[in-house]
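Residue strings, one per chain:
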Amino acid sequence: MTDRPVGRVAADTGLLTVIDMQRVFGEPDSPWATPRYAEAAAGVRRLLPAFGDRVAFTRFVAPTKPEGAWRAYYEQWPFALRPPDDPLWDLTDDFAGHPGHVVTATTFGKWGPELARHAQRDGRLVLAGVSTDCCVLSTALAAADAGIEVLVAADACAGVDDDSHAKALHVMDLYRPLIRVTTVAELLEAAAR
């Protein structure tokens, strides 16, 4: 996390993109459990009202047939080779009923044509979710490359462990002003102005 000022954030611009708040990452007995999932989920829940209908949720799912380097990846994680409608890939109960748009992808990064349609070209993405050091990072970098301003709510994200989370936040913050690391409180304070 940085001590540089975050600048003004208007909640009426941009899209809150909640990355992969799914059972596969939230359930403690899952091989891909994210240890601080509950803390990230609490941060996301605090942000949701400020963004109203400007929310997109993403879901990571396994491809039907892994290609290229993904073959070796799924050789390490064969438990995950399940169809997209398997309950493993469901959003956790606290997010399943939210009316936000859902983007499903077989890639770590969720930035692509579908998410781009929901983000205003001159707007921004506010990212939250899991894991900071994988899908959040991959989404942030691709969106920034596409010219979208990206804000990452550090305390509404969680990594595979605390050290990886902190390192990923540090790396993303190096991309200022394209990507800025902030907090839920700073986002909500700016939204209230």
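Quick caveat, the model's predicted, so the values are computed rather than measured.

> I tried to follow the environment of Leu141 on my own but got confused; where do I start?
Turning to its location among the elements, Leu141 is positioned in helix H6 (residues 132-145). Classification of Leu141 as partly exposed rests on a relative accessible area of 25%. In this structure, the C-alpha to C-alpha distance between Leu141 and Arg193, residues 52 residues apart in sequence, is 29 Å. If near-sequence neighbours (up to four positions away) are discounted, Leu141 is found in contact with Tyr175 and Ile179.

> Help me out: how do you make sense of H6 in this one?
An α-helix turns once per 3.6 residues; consequently, residues spaced three or four apart project the same way. Its 14 residues place the ends of H6 18 Å apart at the C-alpha level, agreeing with the 20 Å of an ideal helix rising 1.5 Å per residue. Within H6, the full set of buried residues consists of Thr132, Cys135, Val136, Leu137, Thr139, Ala140, Ala143 and Ala144. For H6, the secondary structure elements touched by its buried residues are strand S1 (15-19), helix H5 (113-118), strand S4 (124-130), strand S5 (149-158), helix H7 (162-173) and strand S6 (179-182). Just past H6, the residue Gly147 takes up positive phi, approximately 90°.

> Could you clarify how one ought to interpret the packing of helix H2 (residues 37-51) against helix H8 (residues 184-192) in this entry?
Between two packed helices, what matters for the description is the angle formed by their axes and the separation of those axes. Contact pair H2 / H8: the axes reach a minimum separation of 10 Å and the direction vectors enclose 10°. Accordingly, the angle class assigned to the pair H2 and H8 is roughly parallel. The crossing of H2 and H8 is left-handed. Every residue of H8 that contacts H2 at Gly43, Arg46, Leu47 and Ala50 is listed here: Val184, Ala185, Leu187, Leu188 and Ala191. Looking at the contact of H2 with H8, its residues break down into 7 nonpolar, 1 polar and 1 charged.

Thresholds applied
- Residues numbered from 1 in each chain as written.
- Predicted model: local features only at pLDDT ≥ 70, side-chain atom pairs only at ≥ 80, totals over all residues.
- Heavy atoms only, no water.
- Helix = DSSP H or I, 4+ residues; strand = E, 2+ residues; numbered from the N terminus.
- Buried < 20%, exposed > 50% of the residue type's maximum accessible area, 1.4 Å probe, protein only.
- Contact = heavy atoms within 4.5 Å.
- Expected span 1.5 Å × (residues − 1).
- Axes fitted to C-alpha atoms, helices over the stretch in contact; angles between N-to-C directions.
- Parallel < 35°, antiparallel > 145°, perpendicular 65-115°, else oblique.
- Left-handed = near helix turned anticlockwise from the far one by under 90°.
- Nonpolar A, V, L, I, M, F, W, Y, C, P; charged D, E, K, R; others polar.

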